[in-house]
Amino acid sequence: MASHFIISKPLILLWLTYIVLTQARTQPWSALKAPKELTLKLIRDPVSLSLASTDYGHIVHDNPFAIFAPSSISDISNLINFSNSLAIPFTIAPRGQAHSVHGQAMTNDGVVVNMTELNGCRNGAGIVVSDGPTAPYADVGGEQIWIDVLHATLERGLTPLSWTDYLLLSVGGTLSNAGISGQTFRFGPQISNVHELDVVTGKGDLVTCSAEMNSELFYAVLGGLGQFGIIARARIALGPAPTRVKWLRLLYNDFSAFSKDQEYLISFNGRNETNAADFVEGFLLLNQPPLDLSFYPAPDQPRITSLVTQYGIIYVIELVKYYDNSSLEHVDEDVKLLVQGLKFVPTFIFEKDVSYEDFLNRVHTDELFLRSQGLWDVPHPWLNLFVPGSRISGFDEGVFKGIILKQNITAGLVIIYPVNRAKWDDKMSAVTPDEDVFYVVSLLHATSFDMLEEFQAQNQQILQFCGDAGIGIKQYLPQNKTREQWVEHFGPKWTIFEERKAQFDPNRILSPGQGIFNYIKK
């Protein structure tokens, strides 16, 4: 019996060598090696580590070695410098509001930087608004959240021009992706509205950069998925703030009419174009429970339900016109001209009049309700896509009708709206389809843990369909897992993306949760 377990001495030595080398590469670094000023800011209690091991998605779980609580930007530089000084540097993941859905703000056995700790060291200077004789702007800490930026700028009668739908996100977080919403067709994504950045690179250097100064870093970081540096400050373009909005929803039973009208509306896209819409989005009303009709007057809800039941899918254009006291007298006429000739179902047009702030912060109202029902901290298997405009009809047939409606698992919120590629700067890292108009399609699922795999399977089926049909989608907030997938995602930008990584983060320590340069994710 014992003879079956005889192993040669060279094989034993080889095996032991493999074990030692493997442990050397995977063993967490020792906090005892860190300088005292860093050690005092490292947090390792189980509750904090557990909180940092998940995100809004509740899908990926990676356990960090420690959480770092910086009290200054130089603390972050020192942490990066310490990591780079080690024979095997540890990875570093900046974490703002952790609203990622697939582990993008995590690190396994590395250090999570709690960016919100910087609020305590700003001395009220986290958001500084300047409205001098030149174009107004706000200097904003990367850890700040957009709702606070809105409040600070409104106090001066000003506002950022481009937004995300949800405002309790960090400035550094959205600028690392793109930052998109219904204003994108006119003003571009949030990354197109940044004048200047302060960035702590993967080398530990604090660098001020703009289109004119250290431009390579500036363009790399904007939309760069956290791969080149940590945003410490952003100078955000501002404009005059309206006070109120006309908020409309128009219902369509025909996708072709819906998409043509959306593209017509975004064709008026000059920054100072007075006859243009200020916000254009869209979404689906699906014949699947629950059907959220809370926006609409109660007497109209039965006929909307009947319409959805009849057609299976109703497409909704969400259209907004801003106004203030100076435009109050003619805003109704402006809205009338905007909708003139649009092919929505007759009489199925609905309007609200709300404050500018309430409109921008509309998702927070939904958040409060979902939190009260215990439905916020649940899995969110989201899928966000950019779809070429020339292929959107095929996408509707193959995905909305052929997969989502047929499978009849509660889809949640499905958002769809077109944007103009000319409003994006191709020098930045963000990737879009190569067409003048492309569509944002967001499948914002929320589900229970026992249904998670079913939604993930549906997402994969959608991606497979798009691949087989050659639709040429790009993922927004991408979830790629292999080098080949990332090379395909970035396309012609991959080479410069790799070169910028070597230039600004040569040890590849920043934002490992994206899975771009470590390739294999859980």
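Placed above this text is the structure.
Here the structure is a predicted model, which means the values were calculated and not measured.

Enquirer: An account of the packing of aromatic side chains is requested, with residue identities and associated values reported.
Expert: Evaluation of the coordinates by the stated rule reveals 31 aromatic pairs. Consider the rings of tyrosine 56 and tryptophan 376, whose centres lie 5.1 Å apart with planes at 55 degrees: the pair is tilted. Residue tyrosine 56 is found in the loop between helix 3 (46-51) and strand 2 (66-68), and its partner tryptophan 376 is found in the loop between helix 13 (362-372) and strand 15 (383-388); the two are separated by 320 residues along the sequence. Across the pair, exposure class does not vary: tyrosine 56 and tryptophan 376 are buried alike. Taking the centre distance of 5.1 Å and the plane angle of 80 degrees together, the rings of tyrosine 322 and tyrosine 356 count as edge-to-face. Here the residue tyrosine 322 occupies a position in strand 13 (residues 313-323), and tyrosine 356 occupies one in helix 12 (residues 356-360), the gap between them amounting to 34 residues. For the pair tyrosine 322 and tyrosine 356, one class covers both residues: buried. Taken together, Trp247, Phe279, Phe295, Tyr296, Phe348, Phe350 and Phe359 form an aromatic cluster joined through their ring pairs.

Enquirer: Describe the packing of helix 14 (residues 392-407) against helix 15 (residues 452-469), with residues and values.
Expert: At a minimum axis separation of 11 Å, helix 14 and helix 15 run at an interaxial angle of 155 degrees. Relative to helix 15, the element helix 14 is oriented roughly antiparallel. Judged by the twist between their axes, the crossing of helix 14 over helix 15 is right-handed. Residues Gly394, Phe395, Gly398, Val399, Ile403, Ile404 and Gln407 of helix 14 pack against Gln458, Gln461, Ile462, Phe465 and Cys466 of helix 15. Considered class by class, the residues forming the contact of helix 14 with helix 15 number seven nonpolar, five polar and no charged.

Enquirer: Would you mind going over the pattern of salt bridges in detail, with residue names and values included?
Expert: Counting across every chain of the model gives 25 salt bridges. Arginine 362 is the salt-bridge partner of aspartate 165, the closest N and O atoms lying 2.9 Å from each other. Within this pair, whereas aspartate 165 is found in the loop between strand 7 (158-160) and helix 6 (171-175), its partner arginine 362 is found in helix 13, the two being separated by 197 residues in sequence. By the burial criterion, aspartate 165 is buried, and arginine 362 matches it. A salt bridge links aspartate 300 to arginine 303, with the nearest nitrogen and oxygen atoms 2.9 Å apart. What makes arginine 303 partly exposed here is its relative accessible area of 29%. Connected through salt bridges with shared partners, the residues Asp139, Glu196, Asp198, Arg233 and Arg235 form a single ionic network.

Enquirer: Tell me about the environment of glycine 223, and name the residues and values.
Expert: Turning to its location among the elements, glycine 223 is positioned in the loop between helix 8 (215-221) and strand 10 (229-240). In this structure glycine 223 touches Leu175, Ser176, Asn177, Ile191, Ser429 and Ala430, once residues within four positions along its chain are discounted.

Enquirer: Tell me what's going on with the sheet that holds strand 4 (residues 111-114), and back it up with residues and numbers.
Expert: Strand order in the open sheet formed by four strands is 1-2-4-3, and the pairing between neighbours is mixed. Strand pairing shows two members of the sheet lacking a second neighbour, strand 1 (42-43) and strand 3 (92-95), which therefore form its edges. When strand 3 meets strand 4, the two strands line up parallel, connected through four bridges. Across the sheet, the residue bridging to alanine 93 is valine 112, located in strand 4.

Enquirer: An account of the packing of helix 16 (residues 483-490) against helix 17 (residues 494-504) is requested, with residue identities and associated values reported.
Expert: Between helix 16 and helix 17, the least distance of the axes is 8 Å, while the angle of their chain directions is 115 degrees. Our classification of the angle between helix 16 and helix 17 gives roughly perpendicular. Facing Arg483, Trp486, Val487 and Phe490 of helix 16, the residues of helix 17 in contact are Trp494, Phe497 and Glu498. Partitioning the contact of helix 16 with helix 17 into residue classes produces five nonpolar, no polar and two charged.

Enquirer: So what about helix 17? Which residues, and what values?
Expert: Three- or four-residue spacings in an α-helix give side chains the same orientation, since the helix completes a turn every 3.6 residues. For helix 17, the complete set of buried residues consists of Trp494, Phe497, Arg500, Lys501 and Phe504. Buried positions in helix 17, seen along its axis, are confined to an arc of 125 degrees and lie on one side of it. Looking at the packing, one finds that the buried side of helix 17 touches strand 8 (194-201), helix 8 and helix 16.

Enquirer: Summarise unusual backbone geometry; cite the residues concerned and give the values.
Expert: Following proline 289, the chain continues to proline 290 via a peptide bond in cis, the omega torsion being -5 degrees. The phi dihedral of asparagine 214 is positive, around 50 degrees, even though this residue is not glycine. Looking at where asparagine 214 falls in the secondary structure, it is placed in the loop between strand 9 (206-210) and helix 8. What makes asparagine 214 partly exposed here is its relative accessible area of 43%. For leucine 225, which is not a glycine, the phi torsion comes out positive at approximately 55 degrees.

Enquirer: An account of helix 11 (residues 331-339) is requested, with residue identities and associated values reported.
Expert: Residues Val331, Val335, Leu338 and Val339 constitute the buried set of helix 11. One side of helix 11 holds all its buried residues, which, seen down the axis, span an arc of 85 degrees. Against strand 11 (244-252), helix 9 (255-266), strand 13 and strand 14 (349-355) lie the buried residues of helix 11. Once helix 11 finishes, glycine 341 follows within two positions and takes phi at roughly 85 degrees, a positive value.

Enquirer: Any chance you could break down the side chain of aspartate 55 for me, citing the residues and the numbers?
Expert: Mapped onto the secondary structure, aspartate 55 falls in the loop between helix 3 and strand 2. Of the side chains with opposite charge, arginine 95 comes closest to the buried, unpaired aspartate 55, at an N-O distance of 6.6 Å. Polar contacts involving the side chain of aspartate 55 include one to the main-chain amide nitrogen of glycine 57, which spans 3.0 Å. Those residues in contact with aspartate 55 that lie beyond four places of it in its chain are Ala98, Ser100, Val101, His102, Gly103, Gln104 and Met106.

Cut-off values and rules
Residues numbered from 1 in each chain as written. Predicted model: local features only at pLDDT ≥ 70, side-chain atom pairs only at ≥ 80, totals over all residues. Heavy atoms only, no water. Phe/Tyr/Trp six-rings, centres within 6.5 Å; stacked < 30°, edge-to-face > 60°. Helix = DSSP H or I, 4+ residues; strand = E, 2+ residues; numbered from the N terminus. Buried < 20%, exposed > 50% of the residue type's maximum accessible area, 1.4 Å probe, protein only. Axes fitted to C-alpha atoms, helices over the stretch in contact; angles between N-to-C directions. Parallel < 35°, antiparallel > 145°, perpendicular 65-115°, else oblique. Left-handed = near helix turned anticlockwise from the far one by under 90°. Contact = heavy atoms within 4.5 Å. Nonpolar A, V, L, I, M, F, W, Y, C, P; charged D, E, K, R; others polar. Salt bridge = Lys/Arg side-chain N within 4 Å of Asp/Glu carboxyl O. Pairing = 2+ DSSP bridges. Arc of directions from axis to C-beta. Lys, Arg positive; Asp, Glu negative; His and termini not counted. Polar contact = N/O pair within 3.5 Å; in protein donor to acceptor, adjacent residues only side chain to side chain.

Purely geometric numbers; function is a separate question.
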